[in-house]
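Coordinate inspection notes
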Amino acid sequence: MAGDALRAADLPGRGRGLLAARNIREGEVILTEQPLLLYPASLASLPSFCSACFRSFSSAASPCPSCRAAGFCSPSCAAASHPRLHAMVAALVPPQMLPPGFSPDLTAAFLSKDRTNSFSIMEPYRPEVPQPLRKARAYAVYPRASLLNHDCLPNACHFDYADRPGPGNTDIVVRALHDITEGREVCLSYFAANWQYKDRQQRLLEDYGFRCECERCQVESKWKQDDDSDGGDGDDTMEEEEEDGGGEGGDDGMEQEEGDGGSDSDDDFPHSYFFVRYLCNHGECYGMLAPLPPLPNGEPSHVFECNVCGNLKNEDEINAPDGGDSSMAD
Ligand SMILES: C[S@@+](CC[C@H](N)C(=O)[O-])C[C@H]1O[C@@H](n2cnc3c(N)ncnc32)[C@H](O)[C@@H]1O
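The residue numbers shown here count from 1 along each chain, following its written sequence. With pLDDT at 70 or above as the cut-off, local features in this predicted model cover only qualifying residues; side-chain atom pairs require 80 or more to be listed or tallied, and sums for whole chains, interfaces and linings still use all residues.

**Quick word on the overall build of the chain**
Only DSSP runs of H or I covering at least 4 residues are called helices, and only runs of E covering at least 2 are called strands; the numbering of each starts at the N terminus. Helix and strand counts for the chain stand at 7 helices and 15 strands. The exposure label follows from counting other C-beta atoms within 10 Å of a residue's C-beta, where the C-beta atoms are placed from the backbone and the thresholds are 20 or more for buried and 12 or fewer for exposed, leaving partly exposed in between. Considering the chain as a whole, with its 330 residues, one finds that 37% of them fall into the buried category. Any two residues are considered in contact once their C-beta atoms, placed from the backbone, lie within 7 Å. Of all intrachain contacts in the chain linking residues separated by at least 6 positions in sequence, the fraction that spans at least 24 positions is 62%.

What follows is the structure, encoded as structure tokens:
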């Protein structure tokens, strides 16, 4: 598809955001870019992943000769960013000026607190690992993707392919969930789309500093107060706290209260189509199902890919009465 799909704009009450610079087709890759900044999610994650490329180790790691905390999967990674950071800090700042205990890894841990602009690069999905225990291996800030605002009914979602061989494994790929008209804002959901209203609002206020007034929140704010039983969530977008032991889980609450005034009529739950079509029901991954890019002849692919478990689903299965809880990958 020709032409840049996105343009940045100042949006009242939302800071900057990205608008569709032209009509965008469902499944289109609307943005692919390299991180501006990439750092480990926590010191604890360092032994599991290469500290330069963030791929899982397939053989024994070579420890960083400077800090011994980090490890590398190959000589080229060992010569890459992390050792250069040690050297740069040493060259720029005389050792006596460094605060006690300073290390690049500590710096990375501080950077990981910058929650609002970072995307989590998650551990690979494994069905046996419950979503609350799935951790980020790294955080990444991207020049343009970090301008994407949140909507609880997003029109795009992002993919990362951290263990993919070759260059670009930490690039972000943003795809359109459905057709987007020129001029519309392109938004992601900053966490799994099935979170309950109160959990969404709490997270967005506490971690991102705003009260969400999207179309979905306007409807759901009128619903009976959600149960207070869990703060469940399964965040994989703009990054997730790791050190607090998780505490976030895939919340299966398709959330309207049942009984006691709750009703599942279309009037009360006008966005049910969104969850049927775009929420992955494979295992408990709660990822977004985004159509694959359009075919060379411009036709929609009719195949959807989950951005968490990688499951592929035919549109026919999604439209099946049982929601098609099987997959092309199975
Ligand atoms: C990743 S940044 C997105 C880019 C940001 N708007 C900017 O100007 O840099 C996340 C921040 O954008 C703002 N934001 C994102 N979605 C929003 C929304 N739906 N309504 C209001 N503000 C939003 C919040 O300030 C949030 O902390």
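**Considering the environment of H282**
Along the chain, the position of H282 falls in the loop between α6 (272-278) and β13 (289-291). In the structure, H282 is positioned 211 residues away from G71 in sequence and 34 Å away in space, judged by C-alpha atoms.

**Observations regarding the pairing of strand β12 (residues 185-188)**
Pairing of strand β2 (residues 15-20) with β12, which is carried by 2 bridges, proceeds in the antiparallel orientation. Its bridge partner being in β12, L18 is matched across the sheet by V186. When DSSP locates at least two bridges between a pair of strands, those strands are taken to pair.

**Topic: the sheet that holds β12**
What the 4 strands build is an open sheet, ordered β1-β2-β12-β9; its pairing is mixed. At either margin of the open sheet sits one strand with a lone partner, and together these are β1 (6-11) and β9 (149-150).

**Concerning the environment of A140**
Looking at the secondary structure, you find A140 in strand β8 (residues 136-141). Residue A140 is classed as buried on the basis of its 26 C-beta neighbours within 10 Å. Expressed as a C-alpha distance, the spacing of A140 and A79, which sit 61 residues apart in the sequence, is 20 Å. When residues no more than four places from it in sequence are discounted, the contact partners of A140 are P35, L37, L38, S118, F119, I121, T170 and I172.

**A few points about the pairing of strand β14 (residues 303-306)**
Two faces make up the sheet, and in a regular strand the side chains alternate between them. Relative to β14, β13 is paired through 3 bridges, and the arrangement is antiparallel. Its bridge partner being in β14, P291 is matched across the sheet by F304. Sheet topology note: the β14/strand β15 (residues 312-314) ladder contains 3 bridges and is antiparallel. Paired with V303 across the two strands is N314, which belongs to β15. In sequence, β14 turns back onto β15 through a hairpin of 5 residues, with G310 there showing a positive phi of about 80°.

**Some details on the site of the ligand**
Taken together, 17 residues lie around the ligand, and G15, R16, N149, H150 and Y208 are the ones closest in. Only β2 and β9 provide two or more residues apiece to the shell around the ligand. Residues of the shell around the ligand, tallied by class, amount to 5 nonpolar, 9 polar and 3 charged. Here is the check we use: build the C-beta atom from the backbone, and if it is within 6 Å of the molecule or strand, call the residue near. All amino acids are sorted into three groups, where Ala, Val, Leu, Ile, Met, Phe, Trp, Tyr, Cys and Pro are nonpolar, Asp, Glu, Lys and Arg are charged, and the leftover types, Gly among them, are polar.

**Points about unusual backbone geometry**
For F54, which is not a glycine, the phi torsion comes out positive at approximately 65°. Its location among the elements puts F54 in the loop between β4 (37-40) and β5 (62-63). Judged by the 25 C-beta atoms lying within 10 Å of it, F54 is buried. Notably, H302 is not glycine yet its phi reads approximately 65°, a positive angle. For H302, the location among the structural elements is in the loop between β13 and β14. In this structure H302 comes out as partly exposed when scored by C-beta crowding, with 15 C-beta atoms within 10 Å.

**A look at the domain arrangement of the chain**
Where each domain starts and ends follows an automatic or database-derived domain assignment. Domains assigned within the chain are domain 1 (6-35 + 133-319) and domain 2 (43-111). At the interface, 7 residues of domain 1 touch 7 residues of domain 2.

**Let's talk about helix α4 (residues 197-208)**
For α4, built from 12 residues, the straight-helix expectation of 16 Å at 1.5 Å per residue is met to within 8% by its first-to-last C-alpha distance of 15 Å. Listed in full, the buried residues belonging to α4 are Y197, D199, R200 and R203. Looking at the buried side of α4, the elements it contacts are α5 (215-220). Where α4 ends, the next residue or the one after it, G209, has phi of about 75°, a positive value. Multiplying 1.5 Å by the residue count of a helix minus one yields the expected span of that helix.

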